[in-house]
Structures are given as C-alpha cells and as structure tokens.
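Letter by letter, the chains look like this.
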Amino acid sequence: MLQWFKNKGARSAELGARVRQGFESQTAGDLVQAREIYRSVLAEDSGHADAHYLSGLIDAAEGRLDLALSHFDSAIRREPGNGPFHFSRGETLRAKGDLPAATDAFRRALELVPQEASWANELGRTLEAMGERQSAMQAYLRATEADPAHVPAWFNLGNSLLADKRTTEAEQAFRRALDLEPGFLPAALGLGSIAQAAKDLDAAESWYRKVLERSPGHGEALINLGALLAERKQPLEAERVLRDAVAAVPAMAEGWINLGSALRAQGRTEEALEVHRHAVELAPDSPAAHLQCALTLENSGDLAGAERSLHEALARDSNDPEIHFALANVLKAEGALGEAEAEFRRAIDLDPQHGPAWVNYAELLHATGRVDAGAGALEQAVKVAPDLAVAHMNLGVAKMNLGHDEAAESAFQKALELDPDSAETYLALGALYLYRGKLTESEAASRKALELVPGYHGALMNLGVALQQQGLLEESIEITRQAIALKPDHVQAWSNMLMTSNYSAAATARDLFEEHRRFGRHFPPRRNAAGLPRRPVDGSRRLRIGYVSPDFRFHVVSFFFEAVLDAHDRDRFEILCYYNENRVDDVTRRIRSKADLWRDLAPLDEDQAEKRLLEDELDVVVDLAGHTSRNRLGVLSRRVAPIQVTWLGYPNTTGLEAMDWRITDANADPSPEADSLHTERLYRMPEVFIAYRPPPEAPDVAPVPPSETQGFVTFCAYNNFSKVSDDVLMLWARILRELPAARLAMKTIALRDPNVQRRAQDRLARLGCDLSRVSFSGIIPRLADHLATYGRADVALDAFPYHGTTTTCEALWMGVPVVSLAGDRHASRVGVSLLESIGAGELVASTPDEYVEKAVGLARDPARLAFWRKELRDRMRASTLTNHARFTRQLEDAYLEMLKPRH
C-alpha cells in the first residue's frame, strides 16, 4: 500500500508535504519519526485520510490491530471510495481472526478496484480459511483473469483444486505458475505432491530434487522427500533426509513427525517416541503430531498412552478418518470391541474409500463371529481399494472360512499379483491347499513363504502338516521340531509333532508317552483342582458340561459327537459348546442350535479364552481334540474347571498334569498296561468308548458281495494316507500276491494329489506289487456317493499302528468286514474296540502274519463274506456302538463318577 501512496497527489500543499515527509521516514524504516509527523497532521486535521491510513499501517505492522482498525475506519469515513483503505482494513481484520468481516472488506475493495489481482488473491485465501473452498477458487480465478501472470493466484488455485480432489486441474494450475516463474518452488512442490499421491514416486522425487537443487536447505522439500523414501520402504534413507530437514527448519513440526515415523519403521521405537514427543511440544495443536505419537506408543505396547494421544488428536480434528482408524485399532487391541467397531464405522463414514479401515473392520466383524458380514466388508474393501493386496488376501481367508474355496484361491492369487513377495499370502494359500488336499501345492506355497521369510513359523507349521499328510512322517517331524525350537511355548507346534509321531511305526508306546510327558512338563497348570470351587452335585441344579473342539463342522468328530449332544439329559445337564475354528458350515449351525450355550473361542487368545471358560463356572470341561489341529490345550493346561476330561478326538494321552481323565474302554486301553502310558486317569466305559451315528443318506447294503458277480475279490483301504506306512503297504502287497486275481482300491483325500499318488505307486512297485491291480482315487465330496463305493468292496483293510475309526464304522455299516491288526497302544486298538463291540472280534489279528491270513482267508470264503454282508449292519444296530441314548447315559454316569470327591 506504500506503493499506492507514492502515486497519490498531495491533498493540500502544507499538510500534503508533511504527510509525504512522514511517508518517506516510514519507507526508510524510521517509524517513530513517521508516527510523530502523522500525529501533528491529525492534530490540525483530525479526519485526514492519508495520515490515518499511514498511521494504521504502522500500528498494524507493530501488532496494535485495534488502533490500526480505528485509523482505517477514520480514513474510510473521509474517503469511502478508496479501495486500498478497505483492503488494508481487510488484512487487519483477518489478522485479528475476524474472517467474515475481512471478507466483506476485501469484497468492498474489489468493488472499487475490480482489476486488482492481488486483492482477489487475498480474498480467496480468506475464503479458504473460512472453509468456503468453492468461493475461494472463484476469487483465485478472478485474480488470474485480472492478471494472467499472477503467480500466487495460480498457485493458490492449484492448492484449492488439489484439496477438492480435482487433481488434473490442480496440476495444470501449478504448471502455469511454473511457466510464469520457473523458479517458483512452491509450485514445484505441489507437482511433487500430486505425483506422490498418484504413486508416481519417480516423478515426485524428481520434483523434490529440483527444488533442492535451487534451495538445498528447503525444509518442505526435504520433508516431502523423506516421506517419499519412507513410502518406498527405505527408512534409512528417509531418516538421513529428514535429519537434514529438521536441521534446516528445526521449528517445523512436520519434519520431526516424519523423522519419528522413519525411526519407528526401523524398529527404533524408543528413539521414535522421543522424536514424536518433541514434535508434540513444537506443535501441541497439530493432530498429525498426536496421531504419529500415538502410533509409536501403540508400537511400544503402551496402548493406554496411545489411546490418550489419539483423543488429543481428535480434540483438535474430529473429522480426520486416519485418527478414528488408529483409535479403532488401539481399542480393538485393548479388547474394547464395541467401541472399536464404532470408530471403524466413523472412519469409513468420513472416508468411504478407506480400504485399510474396511479391512480392519472386517477383521473385527470376523472376531465377533459375524463371518458373513466380515466377508461383505472385505468385498467392499477390494471394491474401493482394488490395489490393496491385504484386502484381497483377507478376502481369501474369509472365503476360505465360509467354505468358498475356489473364490478364496482366486482372491489369494490376486493378492500375489499385487504383492508377489507376500509371505503371509503364501502362508494362507498353503493353508487353503491343505484343506483342498492339494498337498504338493501346499508344500510349494509354504516353502515359498519360507524363502521370503526364513524361519517363518507359520510356514514351518503348514509345511510340517503338508508333509505329514503325504505320509512323509520323518520329514514332517523334523520340520515341526524346527518350529518348536523357534517358539517353544507354541502349543500347536508341539501338538503337530506329537500327532505325527502317533503315525510312526518306529516309535514305541513308551517313546510316545515320554514325548507327551515332555510337552506336559513344558505347560504346567496355573492352578490345581482345589483352586476352583466345586459346586454341590446333589440334583438341585443342572451340571454344566463344556465341550471344547475345533470340529463342530463337517468333520469325523461331529459324526460321533452330535448324537451325544442330542441324547444328553437336559434336565440334569446344561451343555456348553466352545468352538475353536473359523470355518462355519451347516453342521456348525446345527450343533450351535442344539447347545444350551455356544461360545466362539477361535478369535480369543489364551488369556481371553481362559477368562471366558472360568466365568462360565463349568463342572466338567471335555476336550474333544487332544493334539489335533486347532486344539486349546494351552488354555486347558491352566485348568479352567474342577474336572478336566479328554475324549474322542485323539488316540493318546495329552501329557498334561491338568487333564484329570481320559475316556476309553478296556479293549482300546487294556489295564494295567495302558495306565502307565497316560498322565490322566483312564475311565473305561463299560462297553465301547464312542458311539457312531450312521449318516441318514447312507445307501442300503449291497445284497451280495461284489466278488460273487465280478469273479475276484476287491479289498478297500480308505484310511488317511498318513497312516499308510511301508509296513502297511508290505502286508497289503503280500495279500495281493497270495490272491493273484484280487484287487485293491485305495481312496483318501491325499491321493487326489498326483505326486502323492505317484509316490504310492513307486512304493508299491518296490514291494513287488502289480500296479494294474491297484486303483487310486481322492475323496468323493458327497457322503452318499462315498459310502456307495463300499458296495464295490468285499473286505476293508485297516491301517496300523494307527487304526481307522470313521472308516471302520462306515465299512461295517455298509456290510464290509474290516481286518484289523491289534497293537500296544490306543491308536492301534481302536479296531479291536469297534469290532469287539459288535461281536466281530474274529476279524482282529494279533500279528502281521495273522493279519494276512485273516484277509486271505476271508477272500477265499465266499460264504463268510456273504455272512458278514448280511450281518454287520444289524449287529451295529443292536450294539451300544450306535445306541446313542445308552452310550450317553453311560457317559453322563462317567461325569458323575468323576465329580465324586476323591479320598
């Protein structure tokens, strides 16, 4: 405005000369002299417009804003049509924070001088500060129309367009500013920001480095370049650049904020926290400073501190979706799931395109049992963020849990297209392949994950299972021992090793016991039975029985458990089911509807699961999994009920001191030999240790053995391939050599894998078996179709030393006699128990030679084959093996016996 005065003519000779003298002093910086001159003029002419105006400029410059406004108002009263007076008044009102009044003053100035581009630019800045972005852009456009070469207006227009997500137009505005003034660095920074947001990091880096070439210590360019390097996952380089930034502009909090984040990315949490706290001190009103400090506190494990910092951030900006997103994550980690859900929803409402918020929201929905809703949220995540690899990966996991395996595989493959080096995705893909019986592919995916992340525990676990299911037991045990060495407190790693050891013919019963006892010593109980209150068992209330299993779904365990659930006396017993699996199917939903109480344990860690079980005040907790996949022995090892029992799902001791009883029978675990091989007390059921529910869709038994019409005997072997050792194959080969016309049909899920099938063929060929007489097939999806294949078999061959259970029951129900070799442990005596329970003990062999003799003898005795064909289903119907009501009364008596005080 001083330039304006230079061009103004004197109002009167004397006063005008004195005002000009004051103006010259003011221009020279002698404000004291200038002020005295203006006062003398105003003493003679109290309304002198120029003296008031120039005095107002001095007061405004020195921060006396109210006095400045008084002078400007006096000047305007004398000359209301003077545009500069109104403009300076507007600047002063803006400095005071009265943006609406400032806007009015700027607009009045422009009415008087419409072509003043700089005034239109300032009007735009003020409107933008008021949040009126559209009006601000109109003001900037007006400035560029008044003066197409007005660089600040083009730059401010670009910033407004960028904030309005009109990126292309913003880029054009910034380029126009640079064309007009090639050295205008703010526009170059703007172009860098646009490129970075578009993930064109090379172009962004080029712009930032151009700025730094002209101005090596340019703080904002250094800060942006540091953020870019961090985005490229180059935290060391980012740190170097950001240290230059904070040295160049130590008062700029953003540099410290980004430096702390770069340190956090390197795992240097304590240093990062110190830097972020400094940023908060520099800019206590900066939401970003509080947000990044919170993220570092979260990283350090201080969730309460992180939550406090995030509330500080929200107090300064309640509409930032990133803050709500971060708070949701912290609340979720603290277990405040309801509050976390509300924060995820708030983040998504503020930014519906926030892919990570949709992903983490979906995880919460899944954790609270809303599997379908979680999958829906992930569908939305991949829609709004199609390039977010983790969204596709998590969608694959959700689809897998819903049993939509093909969709899951497609999602995993898309995730790998976006992020080919994601070990986590290869891990999930390997797990999916395990479910689908694609064992070679599962092994390959697990090995790829290990290649990307050497020592990746989850990949070692999956690889061990894939090898086990291929029958490669020693390799599986070796890999799983590596997983135990990495995480000695990982219960499932121990369980996988113990489970696989049961299949091995090389391990004696005593060897297996010692291995299980080592596990139990590693997981001693937190409390003893006396530490939990025993409520009276006097008929005054229902006893609370809790069943814990990952197999309340289409799984062999449910074939035996669901009938017991139906038969329980609900007047005397309250049944709670604790489900520890993510996959949900029709069987899951059916069992859930039959339980008095249903609890999802899968989302809970061991502390949370322990708390849940203790709160339910069980009288008896029954583990149905043992050392099978996804067990909760880690929780049960702490003791969560006065009586703890293991039953049904596992053929051996758990090894846990906290497990009181194991349910079995005298045939499966003869006394006293078996007692010394268990850490639990053995409760021997009076007849048989399980009850089988034949599937209602099972076809009728074929009226005659197929050998009567085919002219040759067909043996079938449908056992899990992990049970099929070379010792087993050797006896099967001997049987075929004894019977030159006989056939062998092998069917199991592992044999759908061509490599597994090829290895089985090679093993049989080495044993001298004619492969033209052996057929191989994978699992048949429909249960009725699977059971119908028994109509094409004359005799079933049991595996050893790990017998079949479901396969034996199925064969017997379909009229096919099962030849079983008795051994010295529960796993190799299940066949004894099942066959003796229906009066078919003659099918049990005690030596390998007898096993061959019994199989060959049956094949050569058509009358005996016909007898068993006609007899077996009726015998099962008449036995406790299928009398669920009788079996369940015996089971309930067992629980009551276990609850009696011990003396």
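It should be noted that the structure appears before, not after, this text.
In this text the structure is predicted, and so the values were computed from the model without any measurement.

Things to note about unusual backbone geometry
Logical step 1: The peptide bond linking Ser671 to Pro672 adopts the cis configuration, its omega dihedral lying at 5 degrees.
Logical step 2: Each neighbour pair has its own omega, and for Phe800 with Pro801 the value is 5 degrees, a cis peptide bond.
Logical step 3: Notably, Lys233 is not glycine yet its phi reads approximately 60 degrees, a positive angle.
Logical step 4: Despite not being glycine, Arg639 shows a phi value in the positive range, around 75 degrees.
Logical step 5: Checked against the element boundaries, Arg639 lands in the loop between helix H35 (633-636) and strand E5 (643-646).

Structural notes on the pairing of strand E10 (residues 774-777)
Logical step 1: Side-chain alternation along E10 places Val774 and Phe776 on a buried face and Ser775 and Ser777 on a face that remains uncovered.
Logical step 2: In terms of strand pairing, strand E9 (residues 743-747) meets E10 through 4 bridges, oriented parallel. Residue Met746 lies in a different strand from E10, and its bridge partner there is Phe776.
Logical step 3: In terms of handedness, the path from E9 via helix H38 (residues 754-766) over to E10 forms a crossover that is right-handed.

Observations regarding the sheet that holds strand E13 (residues 844-845)
Logical step 1: Ordered by their spatial adjacency, 6 strands build an open sheet running E10-E9-E8-E11-E12-E13, and the pairing between neighbours is parallel. Looking at which strands have only one partner, the edges of the open sheet turn out to be E10 and E13.
Logical step 2: In the packing of helix H37 (residues 726-738) onto the sheet, contacts are made with strand E8 (714-717), E9, E10 and strand E11 (795-797), and the angle to E9 comes to roughly 150 degrees.

Re the nonpolar core
Logical step 1: By size, the foremost hydrophobic cluster in this structure holds 110 residues, and its most contacted members are Tyr547, Trp647, Phe715, Trp732, Ile735, Met746 and Tyr851.
Logical step 2: When residues in this core are grouped by element, the largest group, 7 residues, is from H37.
Logical step 3: Excluding its chain neighbours within four sequence positions, the residues that come into contact with Phe715 are Ile735, Leu739, Ala742, Arg743, Leu744, Ala745, Val795, Leu797, Ala855 and Ala859.
Logical step 4: Among the nonpolar cores identified, the runner-up in size contains 106 residues, and Ala109, Leu191, Val246 and Val371 belong to it.

Things to note about the environment of Asp566
Logical step 1: On the secondary structure map, Asp566 appears in helix H32 (residues 556-567).
Logical step 2: Along the chain, Asp566 and Trp358 lie 208 residues apart, while their C-alpha atoms are 40 Å from each other.
Logical step 3: Here the side chain of Asp566 touches Lys594 through a polar contact of 3.1 Å, side chain to side chain.
Logical step 4: A distance of 2.7 Å separates a polar atom in the side chain of Asp566 from a polar atom in the side chain of Arg693.

Looking at the packing of helix H18 (residues 287-299) against helix H20 (residues 321-333)
Two measures define how a pair of helices packs: the angle their axes make with one another and the distance between the axes.
Logical step 1: One can describe the packing of H18 onto H20 by two numbers: an axis separation of 11 Å at closest approach and a directional angle of 20 degrees. If you check the angle between H18 and H20, you find them roughly parallel. Handedness of the crossing formed by H18 with H20: left-handed. Taken together, the residues of H20 that come into contact with H18 (itself represented by Pro287, Leu291, Leu295 and Glu298) are Glu322, Ile323, Ala326, Asn329 and Val330.
Logical step 2: For the contact of H18 with H20, the residue count by class is 6 nonpolar, 1 polar and 2 charged.

Concerning helix H34 (residues 606-615)
Logical step 1: Taken together, the buried positions of H34 are Ala609, Glu610 and Leu613. Each buried residue of H34 lies within a common arc of 100 degrees when the element is viewed along its axis, so the set occupies one face.
Logical step 2: Turning to H34, the residues buried within the fold contact strand E2 (573-579) and H35.
Logical step 3: Between a side-chain oxygen at the N-terminus of H34 and the backbone nitrogen of Asp607 the separation is 3.2 Å; the capping residue is Asp605.
Logical step 4: With its phi angle positive at about 50 degrees, Glu617 sits one or two positions after the end of H34.

Some words on the side chain of Ser637
Logical step 1: Within the secondary structure, Ser637 sits in the loop between H35 and E5.
Logical step 2: Looking at Ser637, the relative accessible area reads 4%, which means it is buried.
Logical step 3: From its side chain, Ser637 meets the backbone oxygen of Gly634 in a polar contact 2.8 Å long.
Logical step 4: Setting aside residues up to four positions removed in sequence, Ser637 forms contacts with Phe523, Pro524, Pro525, Arg526, Leu656 and Ala658.

Cut-off values and rules
- Residues numbered from 1 in each chain as written.
- Predicted model: local features only at pLDDT ≥ 70, side-chain atom pairs only at ≥ 80, totals over all residues.
- Heavy atoms only, no water.
- Helix = DSSP H or I, 4+ residues; strand = E, 2+ residues; numbered from the N terminus.
- Buried < 20%, exposed > 50% of the residue type's maximum accessible area, 1.4 Å probe, protein only.
- Pairing = 2+ DSSP bridges.
- Right-handed = clockwise from strand over helix to strand, strands pointing away.
- Contact = heavy atoms within 4.5 Å.
- Axes fitted to C-alpha atoms, helices over the stretch in contact; angles between N-to-C directions.
- Core = buried A, V, L, I, M, F, W, Y, C linked by side-chain atoms within 4.5 Å.
- Polar contact = N/O pair within 3.5 Å; in protein donor to acceptor, adjacent residues only side chain to side chain.
- Parallel < 35°, antiparallel > 145°, perpendicular 65-115°, else oblique.
- Left-handed = near helix turned anticlockwise from the far one by under 90°.
- Nonpolar A, V, L, I, M, F, W, Y, C, P; charged D, E, K, R; others polar.
- Arc of directions from axis to C-beta.

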